[in-house]
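So the chains spell out like this:
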Amino acid sequence: MPLHVPPAPAPALRSVLAALGSPTAVREARTPALRSAQGPLSPEHPLPVHVLDGSGPGGLAPTTRLAAWRFQIRGAERAIAAADTMLTPDGWTFSHFFEGPYIASTELALRQAEAVSTHYQPRLLSIPELYMLALWLHEDTEADASTGSPAPADLLVPLAPAPPGIAAHRPHQVADLLPVITTRITPGPGPLLGSPA
């Protein structure tokens, strides 16, 4: 398998397992699919979620920061929800359950990535300004999953729904897609002095 999935921090996994075992946490989750699921539920495919912080100082390459570890929650046949964990002063802890189109889209993107011959470390890249989430296939399979920025040869696979003009589930090299993303999230120059704007 060409995907080298980094191990999630043990406390993150334990907190998700504890939440899945808590009738209160499952019942109060805003995830009808999770509340109505029959049979055992299991957390799978842990992925670090990095947030793109825009371009760095002086127009340098965009920086990212680790925001969460996300687990797909598998029911009998497929992923029906996801669980996010967050880093607190006491370590990794369960944050919330959720569902929506990114669950199935993440599964599809992971299956597509497993079919390629190149080895990658899978991550998720969130671009909040565009309401965009992408599977980030990092070339350095031995890298610390909690750090780093997209390298030019890494691949980004936008998940559905993708922003207008960006095709979902089509792999793009970071060198090609990142300039498009940063152009969209970087504010343009303000009005010229003396202009009516």
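Above this note sits the structure.
Residues numbered from 1 in each chain as written. Predicted model: local features only at pLDDT ≥ 70, side-chain atom pairs only at ≥ 80, totals over all residues. Heavy atoms only, no water.

Enquirer: I tried to follow the overall build of the chain on my own but got confused; where do I start?
Expert: Looking only at helices and strands, one finds five helices and eight strands in the chain. The buried share of the chain, taken over its 197 residues, is 44%. In the chain, once contacts between residues fewer than 6 apart in sequence are set aside, the share between residues at least 24 apart is 53%. For the chain, the accessible surface area stands at approximately 10,200 Å², while carbon and sulfur atoms represent 58% of it. (Helix = DSSP H or I, 4+ residues; strand = E, 2+ residues; numbered from the N terminus. Buried < 20%, exposed > 50% of the residue type's maximum accessible area, 1.4 Å probe, protein only. Contact = heavy atoms within 4.5 Å. Areas by Shrake-Rupley, 256 points an atom, 1.4 Å probe, with all protein chains shown as cover.)

Enquirer: I'm lost on the sheet that holds strand β4 (residues 91-98) in this one. Help?
Expert: Strand order across the open sheet formed by eight strands is β4-β3-β2-β1-β5-β6-β7-β8, with mixed pairing between neighbours. A strand with exactly one partner marks an edge of an open sheet, and here the two such strands are β4 and β8 (172-173). Bridge count between strand β6 (residues 132-138) and strand β7 (residues 155-158): four bridges; the pairing is antiparallel. When the bridges of β7 are listed, Ala 134 appears paired with Pro 158. Its contacts with the sheet place helix α4 (residues 101-114) against β1 (42-52), β2 (64-74), β3 (79-88), β4, β5 (121-127), β6 and β7, and it is angled at close to 25° to β6. (Pairing = 2+ DSSP bridges. Axes fitted to C-alpha atoms, helices over the stretch in contact; angles between N-to-C directions.)

Enquirer: Which parts of the structure should I look at to understand the nonpolar core?
Expert: The nonpolar side chains of soluble globular proteins are, as a tendency, buried together. With 17 residues, the main nonpolar core has Val 16, Leu 20, Leu 34, Trp 69, Phe 71, Ile 73 and Phe 97 as its most contacted residues. Counting residues per element, the ones that place at least two in this core are α1 (10-20), β2, β3 and β4. Discounting chain neighbours no more than four positions away, the residues touching Leu 20 are Val 26, Leu 34, Leu 41, Ser 42, Pro 43, Ile 73 and Phe 97. Val 49, Ala 109, Ala 113 and Leu 124 belong to the second-largest nonpolar core, a separate cluster that totals 15 residues. (Core = buried A, V, L, I, M, F, W, Y, C linked by side-chain atoms within 4.5 Å.)

Enquirer: Explain empty space enclosed by the protein here, please?
Expert: The method is simple in principle: a probe with the dimensions of a water molecule rolls over the atoms, and the space it marks as empty is what remains. In total, this model carries one cavity of 30 Å³ or more according to the counting rule given. Put simply, the largest cavity is a space of about 50 Å³. What lines the largest cavity is simply His 45, Leu 47, Arg 70, Phe 71, Gln 72, Phe 98, Tyr 102, Ile 103, Thr 106 and Leu 124. Sorting the residues of the lining of the largest cavity by element identifies β1, β2 and α4 as the ones contributing at least two each. Here the residues of the lining of the largest cavity sort into six nonpolar, three polar and one charged. (1 Å grid on protein atoms, 1.4 Å probe; cavity = no way out; pocket = protein on both sides within 12 Å on 5 of 7 lines; lining within 4 Å. Points joined across faces, edges and corners; volume = space filled by probe spheres on them. Nonpolar A, V, L, I, M, F, W, Y, C, P; charged D, E, K, R; others polar.)

Enquirer: Mind showing me how you'd approach the packing of aromatic side chains here?
Expert: To describe a pair of aromatic rings, one takes the distance between the centres and the angle between the planes. For the coordinates displayed, the defined rule picks out one aromatic pair. Here Phe 94 and Phe 97 contribute two aromatic rings whose centre-to-centre distance is 4.7 Å and whose plane-to-plane angle is 50°, an arrangement assigned as tilted. The ring of Trp 136 carries Arg 123 above its face, with NZ or CZ at 4.7 Å from the centroid. (Phe/Tyr/Trp six-rings, centres within 6.5 Å; stacked < 30°, edge-to-face > 60°. Lys NZ or Arg CZ within 6 Å of the ring centre and 35° of its normal.)

Enquirer: Teacher, can you tell me more about the pattern of salt bridges here?
Expert: For side chains bearing opposite charge, pairing can occur when the charged atoms are close. In this structure the tally under the stated criterion is four salt bridges. Note that Asp 84 is salt-bridged to Arg 70, the shortest N-O span being 2.7 Å. One end of the pair, Asp 84, is in strand β3; the other, Arg 70, is in strand β2, with 14 residues separating them in the sequence. There is no split in this pair, since Asp 84 and Arg 70 are both buried. With a closest N to O distance of 2.4 Å, Glu 107 and Arg 74 form a salt bridge. Here Glu 107, found in helix α4, pairs with Arg 74, found in strand β2; they are 33 residues apart in sequence, far enough to count as distant. A relative accessible area of 19% places Arg 74 in the buried class. What you see here is one network of salt bridges that share partners, running through Glu 44, Arg 74 and Glu 107. (Salt bridge = Lys/Arg side-chain N within 4 Å of Asp/Glu carboxyl O.)

Enquirer: What's the story with the layout of surface pockets in this structure? I'm lost.
Expert: Estimates place the volume of the largest pocket at around 190 Å³. Going through the elements one at a time, β1, β2 and β6 are the ones with two or more residues in the lining of the largest pocket. Looking at the lining of the largest pocket element by element, the count peaks at three residues for β2. For the lining of the largest pocket, the residue count by class is nine nonpolar, one polar and two charged.

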